[in-house]
Amino acid sequence: MTDRPAQPSTPPSVRRVLTLLVAACIVPIVLVLAVLMINFYRKEEARLIDNTLSHARHISTAADREVRSTQLALQVLAGSHLLQDRDLRAFHARIGAVVDKLHVDSILLIDLDGRILLSSLRPYGSPLAQLSDTPLLQQTRNSGQPGVSGIFTGPLTRQPIITIAVPVIEHGKVVMSLNATVTPATLQPLLFEQKTPDSWRAGIVDQQYRIITRSHDMAKLAGQQLPAELRQPLSRVNESMFESYTLEGRRSLFVYQRSEQTGWTSILCIPHDELTAPLRRSLFWLITLSVITLALGISCALWLARRVTRSIHALIAPALAVGQAVPLPLPRLYFREARELAQALQIAARDLQRARAESSESEQRLALAARAAHLGIWTRDLRQQHIWVSQAWRELFGFSDSAPLTLEDLLARVHPADRQHVQRTLDSTLFGATRYDMEFRIELPSGCQRWISSHGSVEFDRHQRPTLVRGVSLDITSRKQAELDLQQKQKEVTHLARVAMLGELSGALAHELNQPLTAILSNAQAAQRFLSQPAPDLPEVQEILNDIVTEDQRAGAIIARLRALFGKHDAQRQRISAQSLIDSVLHLISNDLIHQRLTLRTALCAETLTLEADPVQLQQVLLNLLMNACDAQSQQLEHSNVIELRSTHVGHTLQLSISDSGGGIPPAALDQIFTPFYTTKARGMGLGLSICRSIVDAHGGRLWAENNGHGGATFHLRLPLAEVSQP
Ligand code: ADP
């Protein structure tokens, strides 16, 4: 699995960021303005429609007033006595006189059959037309109320006219109808009273949606019925608005109001493009200004971005120069911050220059010191498995050329006996060790050996993975030689001391041996006596010989102990199992135990534990401790006859404990007993424990004594276990 970091996505350029910033600032403002503008326009439109509707109402009211005033005037004329007297000539003259004042086109008198009796347009007595039975005549006749017609073509003038009729009532009965005709032109001024713009269209239509009057093209359109697409919306309610096309084909908003009195509808048409013109104008300006502002903003952003980019690009070279520790002159920069950064880069480059000079000087000093101290410096890259070593190291390890080194090259130089240890120590750096110190031998190509002390320290990455080991190697051959010489000298001194003591010991030895020798002699003499008899008691002789053998073995053991004590032999370390060591000691001491009627009880660890030790020396120690336990036990008048030997696995050590139930050790003497010549025994030498302790110390172990709670003493011996060898 590769642990490569994820490729970061390319961030946007300054140019793009600034452009987006400008757009982000301007576009929302424009949108808000547009919304406000549309809102304002909607309100304005509603206000305009309201105004227009009130204009339409005014037109309706004015038409109603016109019709009513004409009806009133006609009613006055209808009540004239001239008419009641049937003086039609005088009445004709009368209507002729008032016709102009009433703003009507003509006044007619019609009988109930529709015959025109008089007309202000014709001289009195002229033949006049017969009208058909019109709805207005029927209404006047039947209701006796004034009425108004729709537009129709006048029978006399052949022009479109409207008729306003009032009944002539005599004795409560309608006898005739007095009518006034009004031409569309007469009503047209009502439309202009509202002073609507010339582009608008105004008009009044009758109950059948025929045009009574119109602001434009009236002569052509008067009397024409509106098309169905206009009639339909107009018929729905008495006042409202809708959008459609005028008779000229222009898209407009129709605002209308219908009069209750006449049933006529006043209509005002506002051209659609005029209605939306303010909004379109405003939007046009808004868009134009927005585009200009956006263009200006983006131009500024691009100009600014160019300067920022130039400044940043100009800083690349000084930044790269920092790596080379070369301070470059200040480039041309457009911003104070960029200039400050450039100055900081210059300072960093100068600092690095100085630090490099100092570091190279200290490196030289270090190299000199390392050379003087015969120190070889090295680093090992654990990832790349690359090894770097100083020249002094190469000389130390006998590598003459400067070819790259591998771990195998290094291990090949290590003495075969130490190679495994070195390999294990080097491997420990891969598994969490933070440092190590080791000593090993190397074999130079010339054949001579060299002792090396090597110290390494491990460096870790941020994930706590070991990355590098750095360290020094030092030639310690002369120190090692001195240590060996010293050991040799110490051994000789010890030997001399022991030899010096031999004189003193001879007495003790004679005494020790005297007892078994005397026993052997008396036994042998007894055997001779038995054998000289005619019938020797052979079983008795056999027993005597057994005693002789036992005593002889005891004498041999005494001599062996003394030889072991004073013999001069080199420590022979080897891997031995704890079990075999204990077995060999038990074997040696078994006769003594039998002789003294003591029992040795063992409680041994079941594990197979291995020691790296001199078996003879350790036997010596254990024998001494067991013999002392036997002595302590036998000095007691009343004692148990059991000595106990326990072995346990404690940490990385083997612990052997020998307990007796003798008199124990006075607390003040617990430490003293290990000093040479301390003895409480009549024929003791007081050397056994001190020698035991020095042997145990030499094995890296510990020997100490303590009194048991229930009487007697226990001697504990702790020895390090041998390192587990690699398969
Ligand atoms: P030696 O046996 O010749 O006296 P050691 O050095 O072996 O010399 O013992 C020193 C002394 O330590 C002994 O004289 C004795 O007083 C004391 N000692 C050793 N072992 C025991 C023991 N198991 N119980 C009591 N005292 C002991």
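Residues numbered from 1 in each chain as written. Predicted model: local features only at pLDDT ≥ 70, side-chain atom pairs only at ≥ 80, totals over all residues. Heavy atoms only, no water.

We apply this condition: UniProt positions are given in the numbering used here, feature names are shortened, and annotations may be inferred rather than shown by experiment.
Going by the annotation in an unreviewed UniProt entry, the name recorded for the protein is histidine kinase, with Duganella fentianensis given as the source organism. For the protein, the Subcellular location (unreviewed entry) comment in UniProt is given as "Cell membrane". Comment text from UniProt for the protein, heading Catalytic activity (unreviewed entry), reads "ATP + protein L-histidine = ADP + protein N-phospho-L-histidine."

Here's the deal with the pattern of salt bridges
Our working rule: The term salt bridge refers to a side-chain nitrogen of Lys or Arg lying within 4 Å of a carboxyl oxygen of Asp or Glu. The secondary structure listing takes helices from DSSP runs of H or I that are at least 4 residues long and strands from runs of E that are at least 2 residues long, numbered from the N terminus. Residue exposure (1.4 Å probe, protein chains only): buried if accessible area is under 20% of the type maximum, exposed if over 50%, otherwise partly exposed.
Tallied over the full model, the rule gives 28 salt bridges. Here E243 and R251 are joined by a salt bridge, their closest N and O atoms 2.8 Å apart. R479 is the salt-bridge partner of E439, the closest N and O atoms lying 2.7 Å from each other. Here E439, found in strand β13 (residues 435-443), pairs with R479, found in helix α13 (residues 477-532); they are 40 residues apart in sequence, far enough to count as distant. By relative accessible area, R479 is classed as partly exposed at 37%.

Focus on the UniProt feature "transmembrane region" (unreviewed entry) in the protein
Summarizing the sequence annotation, UniProt attributes the feature "transmembrane region" (unreviewed entry) to residues 20-41 and 283-305 in the numbering used throughout. Here residues 20-41 runs as 100% helix and 0% strand, with 31 Å between its end C-alpha atoms. Regarding residues 283-305, the helix share stands at 100% and the strand share at 0%, and the terminal C-alpha atoms are separated by 31 Å.

Some remarks on the side chain of T467
Applicable threshold: The contact criterion used is simple: two residues touch if any of their non-hydrogen atoms lie within 4.5 Å.
With respect to the element layout, T467 can be found in strand β15 (residues 466-475). A relative accessible area of 16% places T467 in the buried class. When neighbours within four sequence positions are excluded, T467 is seen to be in contact with R380, D381, L382, R383, E459, F460 and D461.

Describing the site of the ligand
Put simply, the test is: We call a residue near a molecule or strand when any one of its heavy atoms sits within 4 Å of it. Polar contact criterion, stated in full: a pair of N or O atoms within 3.5 Å, where within protein one must be able to donate a hydrogen and the other to accept it, and residues adjacent in sequence count only if both atoms are side-chain atoms. A 1.4 Å probe and the Shrake-Rupley method give the accessible areas. Residues count as covered only by the protein chains that appear here. In the scheme used here, Gly and all other residues not listed as nonpolar or charged are polar, with Ala, Val, Leu, Ile, Met, Phe, Trp, Tyr, Cys and Pro taken as nonpolar and Asp, Glu, Lys and Arg as charged.
Residues in close proximity to the ligand total 19 residues, the closest being D660, T679, T680, K681 and M685. Here an oxygen atom of the ligand sits 2.3 Å away from a polar atom, N or O, in the side chain of T680. Contact with the protein chains covers 90% of the free accessible surface of the ligand, which is 530 Å². Looking at the shell around the ligand, the elements with two or more residues in it are α16 (615-635) and α17 (688-698). With 4 residues, the single largest contributor to the shell around the ligand is α16. Here the shell around the ligand is composed, by residue class, of 9 nonpolar, 8 polar and 2 charged.

Let's talk about the sheet that holds strand β4 (residues 160-170)
What counts here: When DSSP finds two or more bridges between a pair of strands, those strands are recorded as paired. Axes here mean lines fitted to C-alpha atoms, for a helix over just the part in contact, with angles spanning 0 to 180 degrees between N-to-C directions.
Spatial strand order, β2-β1-β5-β4-β3: 5 strands in an open sheet with antiparallel pairing. Two strands lie at the open edges of the sheet, namely β2 (116-119) and β3 (147-153), each paired on one side alone. Ignoring strand direction, the axes of neighbouring strands in this sheet form an average angle of 25°. Of the strand pairs in this sheet, strand β1 (residues 106-111) and β2 are connected by 3 bridges, and their pairing is antiparallel. Its bridge partner lying in β2, L109 is registered against L118. Across the sheet, helix α1 (residues 14-78) is in contact with β1, β3, β4 and β5 (173-182); its angle to β4 comes to roughly 40°. Sitting on the sheet, helix α4 (residues 135-143) is in contact with β1, β3, β4 and β5, with an inclination near 20° to β4.

Quick notes on the sheet that holds strand β14 (residues 449-460)
Read from one edge of the open sheet, 5 strands run β12-β11-β15-β14-β13, paired in antiparallel fashion. Each edge of the open sheet is held by one strand with a lone partner, namely β12 (386-389) and β13. This sheet shows a mean twist of 20° between the axes of neighbouring strands, independent of strand direction. Here 9 bridges tie β13 to β14, and the two strands are oriented antiparallel to one another. Looking at β14, one finds that Y436 is bridged to G456.

Details of the nonpolar core
Our working definition: Throughout, nonpolar core names a set of buried Ala, Val, Leu, Ile, Met, Phe, Trp, Tyr and Cys residues whose side chains join them through atoms within 4.5 Å.
L611, I643, I658, I673, F715 and L717 are the most contacted members of the largest nonpolar core, which has 44 residues in total. Looking at this core, the elements with two or more residues in it are α15 (578-595), β18 (610-613), α16, β19 (642-650), β20 (653-659), α17, β21 (702-707) and β22 (713-720). Top element by residues in this core is α16. It accounts for 9 residues. Apart from residues lying up to four places away in sequence, I673 is in contact with I665, Y678, L689, A705 and F715. Membership of the second largest hydrophobic core comes to 39 residues, among which are V67, A78, I95 and V98.

Things to note about the environment of I377
Within the secondary structure layout, I377 lies in strand β11 (residues 375-381). As for I377 and G663, which are separated by 286 residues in sequence, their C-alpha atoms are 61 Å apart. In this structure, I377 is in contact with L366, A370, W388, V389, S390, W393, G471 and V472, ignoring residues within four places of it in sequence.

Brief notes about the packing of helix α8 (residues 272-323) against helix α9 (residues 336-372)
The following threshold applies: In this scheme, roughly parallel covers angles under 35 degrees and roughly antiparallel covers those over 145, while 65 to 115 is roughly perpendicular and the rest are oblique.
Look at α8 against α9: their axes get within 8 Å of each other, and the N-to-C directions meet at 10°. Here α8 lies roughly parallel to α9, going by the angle between them. Contact residues: α8 offers S311, L315, P318, A319, V322 and G323, while α9 offers A338, L341, A342, L345, A348, A349, L352 and R356. When grouped by side-chain class, the residues that make up the contact of α8 with α9 number 11 nonpolar, 2 polar and 1 charged.

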